[in-house]
Structure formats: C-alpha cells, structure tokens
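Listed here are the chains, written in short residue letters.
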Amino acid sequence: MRTRHATAGSPGFTLIELLIAVGIFGVLVSLASAKYSDYRERIRVNQAETDIAALSVTISQYILENRSPPDSLVDVRAGGKLDPWGRPYQYLDLTSIKGKGKARKDKKLNPLNTDFDLYSMGKDGASQTSLMANTSRDDIIRARDGRFIGLAQDFDP
C-alpha cells in the first residue's frame with residue numbers, strides 16, 4: 001500500500017541539479033564560442049594571405065607591363081580593397097625610396113623585400129616596421145619578394 005509521502009517525492013530536478021546543469025551548459029558554450037572565434041580568425045588570416053598573393057601577382061604584372069612599380073594600389077585598381085578586418089592593405093614601392101628606413105624589417109633588421117612591401121596590419125590594426133614589435137606580430141606579410149606570405153610571427157628569416 002502506498003502512502004501519500006511516497007508519491008510526494010516524485011521524480012524531478014532539484015534546484016541544485018538544475019544549477020549544475022546550467023553551469024555545465026555555460027562552460028560548454030564558452031568553450032565552443034572560443035573555438036569558433038579561433039576558427040573565424042584563422043579564416044580571416046587565410047583570406048588576407050590569399051588577397052596578398054593575388055595583389056602581389058597583379059603588381060608584378062603591372063611592373064612587367066610598365067617597367068616600374070605602381071605608385072599605389074590605385075594604379076592596379078585595388079585602392080579600395082580592404083583586408084578581412086575592414087582596413088586597407090598597405091603597399092610601399094621600395095624601388096623609389098632612398099635607404100631602408102621605411103621598409104619592413106625582420107628580426108635582424110634586414111628588409112623583407114627588395115621590390116615592394118605589401119601587408120595587412122592584422123587583427124589589432126597596428127603595425128611597425130620591425131616584425132619584432134608586438135604590434136606587428138599579427139600582421140599578414142609578404143616577404144622574400146613574394147616567396148613567403150603569412151603571419152609575421154611565423155616568418156623565420
């Protein structure tokens with residue numbers, strides 16, 4: 001015979017069980033969102049690398065046709081091209097400047113390129129000429145006259 005007390009403890013969740021379930025769910029969501037953010041950042045870096053490679057080819061073709069590098073990306077119809085973070089790509093014709101002061105440099109302070117610099121300032125939107133500066137580590141660069149395109153932190157001279 002069942003008593004009323006036995007049916008009062010019907011199966012269900014206690015407040016503590018619900019709090020534990022919500023806590024576990026919160027941890028899983030935070031882990032998933034962190035992974036998703038990392039994934040989106042990798043996609044942006046890959047897109048910038050692809051854009052820089054394509055722009056590099058376009059600039060090289062311009063140089064072959066005109067026997068001199070373009071003054072700016074406008075000359076190769078890429079003046080308004082934005083990187084995946086919404087900022088314009090950076091271009092500098094190294095053949096027209098005197099000295100190596102404005103050229104991007106590796107950790108040994110050697111210029112990255114001899115023809116032109118082309119890069120994105122990356123996620124933080126800040127950059128300096130030296131790749132050793134913290135603000136330059138997330139830049140997506142073209143180096144060795146186009147033989148390397150990738151994150152500045154991955155460049156090994």
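The model shown is predicted, which means the values in this text are computed figures rather than measured ones.

Taken together, the four strands give an open sheet; going across it, the order is S1-S2-S3-S4, and neighbouring strands pair in antiparallel fashion. Each of the sheet's edge strands pairs with one partner strand only, and the pair in question is strand S1 (90–93) and strand S4 (148–151). Taking each pair of neighbouring strands and ignoring which way they run, the sheet shows an average axis angle of 15°. Across four bridges, S1 lies against strand S2 (residues 116–120) in antiparallel orientation. Opposite Gln90, over in S2, you have Tyr119 as the bridge partner. Along the sheet, helix H2 (residues 15–66) makes contact with S1, S2, strand S3 (140–143) and S4, crossing S2 at roughly 155°.

Okay, H2 next. Its 52 residues give H2 an end-to-end C-alpha distance of 75 Å, which sits within 8% of 76 Å, the value for a rise of 1.5 Å per residue. Looking only at H2, the buried set comprises Glu41, Val45, Ala48, Asp51, Ile52, Leu55, Ser56 and Ile59. Where H2 is buried, its residues contact S1, S2, S3 and S4. Backbone geometry just downstream of H2 places Arg67 in the positive-phi region, at approximately 60°.

Analysis parameters
Residues numbered from 1 in each chain as written. Predicted model: local features only at pLDDT ≥ 70, side-chain atom pairs only at ≥ 80, totals over all residues. Heavy atoms only, no water. Pairing = 2+ DSSP bridges. Helix = DSSP H or I, 4+ residues; strand = E, 2+ residues; numbered from the N terminus. Axes fitted to C-alpha atoms, helices over the stretch in contact; angles between N-to-C directions. Contact = heavy atoms within 4.5 Å. Expected span 1.5 Å × (residues − 1). Buried < 20%, exposed > 50% of the residue type's maximum accessible area, 1.4 Å probe, protein only.

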